[in-house]
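For reference, the chains in residue letters:
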There are 2 protein chains.
Amino acid sequence: MTDFFDDLCIDDTYDLGAHTFSRDEILRFAEKYDPQPFHLSEEAAAETHYGRVIASGWHTASVFMQRFVATLKASEERARADGKTPARFGPSPGFEKLRWIKPVYPGDTLSYSQKVTGKTESRSRPEWGIVHSDMLAHNQDGELVFSFKAIVFVERRGS
Amino acid sequence: MTDFFDDLCIDDTYDLGAHTFSRDEILRFAEKYDPQPFHLSEEAAAETHYGRVIASGWHTASVFMQRFVATLKASEERARADGKTPARFGPSPGFEKLRWIKPVYPGDTLSYSQKVTGKTESRSRPEWGIVHSDMLAHNQDGELVFSFKAIVFVERRGS
């Protein structure tokens, strides 16, 4: 995670950790940001084509970010404990192709991961490289439920 | 908003309403889902390249959903009050090209909107059409700060 651009390899995969979605957390996120019947209560969800409560897709996405930041912080701390300087990450300009592939139900545990798919040197900012990644979430049955293609600026070694 | 697929026109724009991002709300979202220094406190943000607190991009996106659902509900209620049956919307399979274009600061008011950019008939599901839209957010200075390209299934008339 805190490798410099130059040290990252295509197909490297980083484990971003797991998160179990409680019913309470799903309902609280939905009340605030996505109050559709299939996110709000079992009674309301029963009358929709989902049949039961599922997490808001934006909740699944926000928890990705929680896992990404937590993993980055832990990795930075490990690097510092080893006397190394962790690589800096720049802001993300956005991403491509976000997909909600399968519903996330209360009690489901999603394992998030990052797979490096490409690297581009930045001409305009030579101290940074652009890392292309697939961000993924699999449920407890190993099914891919969520993915998107991210672009992140990562510091180059010796900059 | 609750028009049937057949009645929607390319370039139609729907106002999804505005939202003012309070500092408290920005910090609370970030503590839970995106605890990076430039989202957590003015003191921590001052030491980053942003210089001050900005909203998490996932917060800006989640508030889009809040505005979208609220607008849809209000529109459905108006249609029913007029004795009309509102068109149904299907689940979104995902989206393309999300961009965080400019930072969102505490006190900023974002105006969200949806612009129809394309329509596709669904062969596999003849009772639904696929509507392609640009989802946009402009700040109080009229600057575009956030956008993505969405795909939504919308019911066809007479289905």
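Residues numbered from 1 in each chain as written. Chains lettered and ligands numbered in written order. Predicted model: local features only at pLDDT ≥ 70, side-chain atom pairs only at ≥ 80, totals over all residues.

### What to know about the overall build of chain A
- A tally of helices and strands in chain A yields four helices and five strands.
- Moving toward the C terminus, one meets the helices and strands of chain A in the order β-α-α-α-α-β-β-β-β.
- Viewed in the frame of its principal axes, chain A has a C-alpha envelope of about 60 × 30 × 30 Å.
- Every one of the 159 residues in chain A was classed for burial, and the buried ones make up 34%.
- Contacts in chain A between residues far apart in sequence, at least 24 positions, make up 67% of those at least 6 positions apart. (Helix = DSSP H or I, 4+ residues; strand = E, 2+ residues; numbered from the N terminus. Buried ≥ 20, exposed ≤ 12 C-beta atoms within 10 Å, placed from the backbone. Contact = placed C-beta atoms within 7 Å.)

### So, the interface of chain B and chain A
- Contacts between the two partners involve 19 residues from chain B, matched on the other side by 19 residues from chain A.
- The set of elements that each furnish at least two residues to the side of chain B that touches chain A consists of α4 (57-81) and β2 (94-100) of chain B.
- Class assignment for the residues of the side of chain B that touches chain A results in eleven nonpolar, four polar and four charged.
- Relative to β2(B), strand β2 (residues 94-100) of chain A runs antiparallel, the two being bridged by four bridges. (Nonpolar A, V, L, I, M, F, W, Y, C, P; charged D, E, K, R; others polar. Pairing = 2+ DSSP bridges.)

### A look at the relation of the copies chain B and chain A
- Aligned on chain A, chain B shows an RMSD of 0.0 Å; the corresponding rotation is 180° and the shift along the axis is 0.0 Å. Expressed as an axis order, the relation between the two copies is that of a two-fold axis. Using C-alpha coordinates, one finds that chain B approaches the rotation axis most closely at B:E96, a distance of 2.5 Å.
- Of the interface residues in chain B, 100% have counterparts in chain A that sit at the interface too, so the contact is made through matching surfaces. (Least-squares fit on C-alpha atoms with pLDDT ≥ 70 in both.)

### Describing the environment of B:E121
All names here are of chain B.
- Relative to the helices and strands, E121 is located in strand β3 (residues 109-121).
- Given 12 C-beta atoms within 10 Å, E121 falls into the exposed group.
- Taking the C-alpha atoms as reference points, E121 and D6, separated by 115 residues in sequence, lie 9.7 Å from one another.

### Topic: the pairing of β2(A)
- In this structure, β2(A) lies alongside strand β5 (residues 144-155) of chain A, joined through four bridges in antiparallel fashion. Bridging from a neighbouring strand, A:E96 pairs with A:K149 of β5(A).

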